[in-house]
Amino acid sequence: MVVSEYLYYFPNGKQAKIFDRNENQITFGDKFKKDFEAILNFSKTNKLFLSVSANYSVVKESEIVFLFFKEDLIFYPLPLGGDSWLEYSIENLTKEPNVKFLFIGFMNSIGNSIKNINTKYEKSKVTPELIPGNIPDSLRALLAQAQEATRVEAKLEYSLFTVDLEEESKGIQKLFEVFCPILDIVLRNKVLIWDEIETSLHPHIVNEILRLILHGKADSRAQLIFSTHDTNLLDLNKFRRDQIWFTELNSARATDLYSLAELKNVRKDENIGKGYLNGKYGGIPFIQNPLMFPTEEEY
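Calculation rules
Residues numbered from 1 in each chain as written. Predicted model: local features only at pLDDT ≥ 70, side-chain atom pairs only at ≥ 80, totals over all residues. Heavy atoms only, no water. Core = buried A, V, L, I, M, F, W, Y, C linked by side-chain atoms within 4.5 Å. Buried < 20%, exposed > 50% of the residue type's maximum accessible area, 1.4 Å probe, protein only. Helix = DSSP H or I, 4+ residues; strand = E, 2+ residues; numbered from the N terminus. Contact = heavy atoms within 4.5 Å. Polar contact = N/O pair within 3.5 Å; in protein donor to acceptor, adjacent residues only side chain to side chain. Pairing = 2+ DSSP bridges. Axes fitted to C-alpha atoms, helices over the stretch in contact; angles between N-to-C directions. Salt bridge = Lys/Arg side-chain N within 4 Å of Asp/Glu carboxyl O. Phe/Tyr/Trp six-rings, centres within 6.5 Å; stacked < 30°, edge-to-face > 60°.

Ranked by size, the top nonpolar core spans 52 residues in total, and within it L156, F176, I182, L192, W194, I209 and F246 carry the most contacts. Considering each element in turn, this core owes the most residues, 10 residues, to helix 7 (residues 170-187). If sequence neighbours within four positions are ignored, I182 has contacts with L192, W194, I209, L212 and I213. If you look at the next biggest cluster of nonpolar residues, it comprises 13 residues, including I18, I39, L50 and V52.

As for its position among the elements, S220 is in the loop between helix 8 (203-215) and strand 9 (223-226). Within polar-contact distance, the side chain of S220 engages the backbone oxygen of V186 at 3.0 Å. Among residues more than four places away in sequence, those in contact with S220 are V186 and N189.

A few words now on the sheet that holds strand 4 (residues 73-76). A sheet is described by the order of its strands in space; here three strands give the open sequence 4-8-9, paired in parallel fashion. Each edge of the sheet is formed by a strand with only one pairing partner; in this case those strands are strand 4 and strand 9. Pairwise comparison of adjacent strand axes, ignoring direction, gives a mean angle of 20° for this sheet. Inspection of the sheet shows strand 8 (residues 191-194) paired to strand 9 by four bridges, in the parallel sense. By the bridge assignment for strand 9, W194 is matched with F226. Its contacts with the sheet place helix 3 (residues 60-72) against strand 4 and strand 8, and it is angled at close to 25° to strand 4. Contacts from helix 7 reach strand 4 and strand 8 within the one sheet, and its direction differs from that of strand 8 by about 150°.

Moving on: the pattern of salt bridges. All chains considered together, the criterion is met by 16 salt bridges. K190 is the partner of D184 in a salt bridge, and the nearest nitrogen-oxygen pair spans 3.3 Å. Note on D184: relative accessible area 16%, which makes it buried. Where R211 meets E208, a salt bridge forms, and the shortest distance between an N and an O atom there is 2.7 Å. With R211 and E208 both in helix 8, this residue pair falls three residues apart, about one helical turn. On the basis of relative accessible area, R211 is assigned to the partly exposed category, the value being 37%. Bridged by salt links that share partners, the residues R267, D269, E270 and K280 form one connected network.

What follows deals with the packing of aromatic side chains. Taken as a whole and judged by the stated rule, the model has 20 aromatic pairs. Seen in terms of ring centroids, F19 and F49 are 5.1 Å apart; in terms of plane orientation they differ by 75°. Their pairing is edge-to-face. Here F19, found in strand 2 (residues 16-22), pairs with F49, found in helix 2 (residues 49-56); they are 30 residues apart in sequence, far enough to count as distant. Each member of the pair F19 and F49 is classed as buried. Taken together, the ring pairs connect Y9, F19, F28, F32, F36 and F49 into an aromatic cluster.

What follows deals with the sheet that holds strand 2. Pairing is antiparallel in the open sheet, where three strands are placed in the order 1-2-3. Bordering the open sheet on either side are strand 1 (4-9) and strand 3 (25-28), each of which pairs with just one other strand. Adjacent strand axes in the sheet meet at a mean angle of 5° when their direction is disregarded. Pairing between strand 2 and strand 3: four bridges, direction antiparallel.

What follows is the structure in structure tokens.
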């Protein structure tokens, strides 16, 4: 069930209620009361009223917020069933010459000497002859239900040779996958939520991706929320104290989330990475009884 939910806005700089919900009790702002009372029968205990109001009313304020969550929150890695970032990137590199130009420039800027990229992006109807005969019948039946299949291909040209993307390193493959979506996020002022940003990427390249998202476009309102185990990113030259957050598992097996700004006695020139590893800010596992392999007699 939905325990609580609320939506407020700030016309003329003053806070005003759109709706406020506590379990099944929902109250409405005066401006929206008539519209929302007409759709109350669509509300359920396990359904967000935000979704109900966006889909069944004409209240633009609800629709705008609903569309933000639906279209402007971008996740990496994608949840199961999501569209492929690699397919998206190859489609853009195939159809948009400017995107290809920017990507080659980005790769050159981080020391990769790529000269050109040849990509193919094709969609076709799924027919029985396109399904390989050596796959299990259950998977074959599942593929047969699909109406459309996407075929992508990418070759990277260097001065002395050309190589398939599949033969490149994991780092190059990941850059190829994430660059176009990041470009879209920056240009369209979206919010990227990235789990373990450092995976398969060199620390210097991570820093360049951070610079591109946070400072690459002067008037961009794009935001990045990421998790990391890389203590090199705990740097007050890169982030403000209120932008650095820690998670810590408590005795009830719940996760506490708190900001560096909430902690006292943190100097402006402090080495946050070193302090974190020393346990100054919490959020780290303490190995109390290191495991030792038993001797043969102890088995």
